[in-house]
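# Descriptive structure summary
Listed here are the chains, written in short residue letters.
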Amino acid sequence: KLPLSEVLTPQGAKRETVQKAIRDLFVRNHLLPSFKIISAIDGAYVSSRFITLPFSDKTKIAQTLPFELEEHIPFGLDQIIFDHHLVSSEDKSSKILVLFTPKEIIQKHLSLFEGTDISSDVLTSGAAALFNLTVSQGEEAAETYAIVDIGHTQTSLAIIEGASIRLLRTISC
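Below, the structure is looked at part by part. What you see is a predicted model, and the numbers here were worked out from it, not measured in a lab. Throughout, a residue's number is its position along its own chain's written sequence, starting from 1. In keeping with the predicted nature of the model, local features appear solely for residues at pLDDT of at least 70, side-chain atom pairs appear and are counted solely at 80 or more, and the whole-chain, interface and lining totals rest on all residues. Only hydrogens and water are removed before side-chain values are computed, so all heavy atoms of the structure are retained for them.

### A closer look at the sheet that holds strand β2 (residues 47–53)
In a beta sheet, neighbouring strands pair by backbone hydrogen bonds and run either parallel or antiparallel. This is how it is decided: Strands are treated as partners if at least two bridges between them are detected by DSSP. Each helix is a run of H or I in the DSSP string that is no shorter than four residues. Each strand is a run of E no shorter than two, and both are numbered from the N terminus. A fitted line through C-alpha atoms represents every axis, and for helices the fit uses only the stretch in contact; the resulting angles, taken between N-to-C directions, go from 0 to 180 degrees. Should any heavy atoms of two residues lie within 4.5 Å, those residues are considered in contact.
If you trace the three strands from one edge of the open sheet to the other, you get β2-β4-β3, paired in antiparallel fashion. Edge positions in the sheet fall to β2 and β3 (80–90), since each has one partner strand and no second. Put simply, the sheet's adjacent strands are angled 20° from each other on average, direction ignored. Summarising the sheet, β2 and strand β4 (residues 93–102) pair through seven bridges and their orientation is antiparallel. Residue pairing across strands places Ser 47 opposite Phe 100, the latter belonging to β4. Strands β2, β3 and β4 of the sheet are contacted by helix α3 (residues 58–70), whose axis makes an angle of about 130° with β3.

In structure tokens:
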């Protein structure tokens, strides 16, 4: 639980306050980190792009994606970290969702765990976490649906059809 006076600063919560909250959460609840810790970067710092490639081979996708991504981002690949998710694939084409964020944002986020004896095993965006939590339950819906997380500074939205992402967005308030 973070004090509201420290969360509502122009820069967000103070680093020390977040670190203390992380430590307190695990100590107070006697949680031993023998499980995966999933941490989400503020969606305002994560961009996403859908890219269609004229092939479906996973190795070829991984090799080609950096070159394709250069056309879609306003800065160099050396300044970002990106990952991708295969949305759909046919014999001769693939639709890929690519999420990316500046390296400095990732470093700043991961520094929140310094001095806590805890580390993040998976790093994602808030909207992608909504999708992952839904499909990890193993229930595939036949229809299209949306999951919306309405917060006091931003709203995350995941639109899902079956087990596929159709849209991920974070809207700042």
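On we go.
### A short note on the packing of aromatic side chains
To be explicit about the condition: Side-chain rings of Phe, Tyr and Trp, where Trp is taken by its six-membered ring, are said to pair if the distance between their centres is within 6.5 Å; with planes under 30 degrees apart they count as stacked, over 60 as edge-to-face, and otherwise as tilted. Should the NZ of a Lys or the CZ of an Arg lie within 6 Å of a ring centre and within 35 degrees of the ring normal, that charge is described as sitting over the ring.
Per the stated rule, a full pass over the model turns up zero aromatic pairs. Seen from the ring of Phe 55, Lys 60 lies directly overhead, with NZ or CZ sitting 4.7 Å from the centre.

### Things to note about the environment of Arg 169
Topologically, Arg 169 is positioned in strand β8 (residues 164–172). For the pair Arg 169 and Ala 128, spaced 41 residues apart in the sequence, the C-alpha separation amounts to 8.8 Å. Once residues within four sequence positions are removed from consideration, Arg 169 is found in contact with Ser 48, Ala 127, Thr 155, Ser 156 and Leu 157.

### What about the side chain of Ser 156?
Counting through the fold element by element, Ser 156 comes out in strand β7 (residues 154–161). When sequence neighbours within four positions are dropped, the list of residues in contact with Ser 156 reads Gly 126, Ala 127, Leu 130, Ile 147, Val 148, Asp 149, Arg 169 and Thr 170.

### Brief notes about helix α4 (residues 103–110)
Counted only if it meets this: Buried, partly exposed and exposed residues are distinguished by accessible area as a fraction of the type maximum, computed with a 1.4 Å probe on protein chains only: under 20%, between the cut-offs, and over 50%, respectively. As used here, the arc is the angular range of directions from the helix axis to the C-beta atoms.
The complete set of buried residues in α4 reads Ile 105, Ile 106 and His 109. Buried residues of α4, seen end-on, are gathered within an arc of 100° and therefore sit on one face of the element. With respect to the buried face of α4, the exposed residues turned more than 90 degrees away are Glu 104, Gln 107 and Lys 108.

### Digging into the pairing of strand β6 (residues 144–150)
Bridge count for β6 against β7 is seven bridges, and the pairing is antiparallel. Each bridged residue has a counterpart across the sheet, and for Tyr 145 the counterpart in β7 is Ile 160.

### Things to note about the pattern of salt bridges
It is possible for side chains bearing opposite charge to pair when their charged atoms get close. For the record, the criterion: Only one rule defines a salt bridge in this text: a Lys or Arg side-chain nitrogen within 4 Å of an Asp or Glu carboxyl oxygen.
Here the structure, examined in full by the defined rule, presents one salt bridge. Note that Glu 161 is salt-bridged to Arg 166, the shortest N-O span being 2.8 Å. For Glu 161, a relative accessible area of 37% gives the class partly exposed. Owing to a relative accessible area of 31%, Arg 166 belongs among the partly exposed residues under this scheme.

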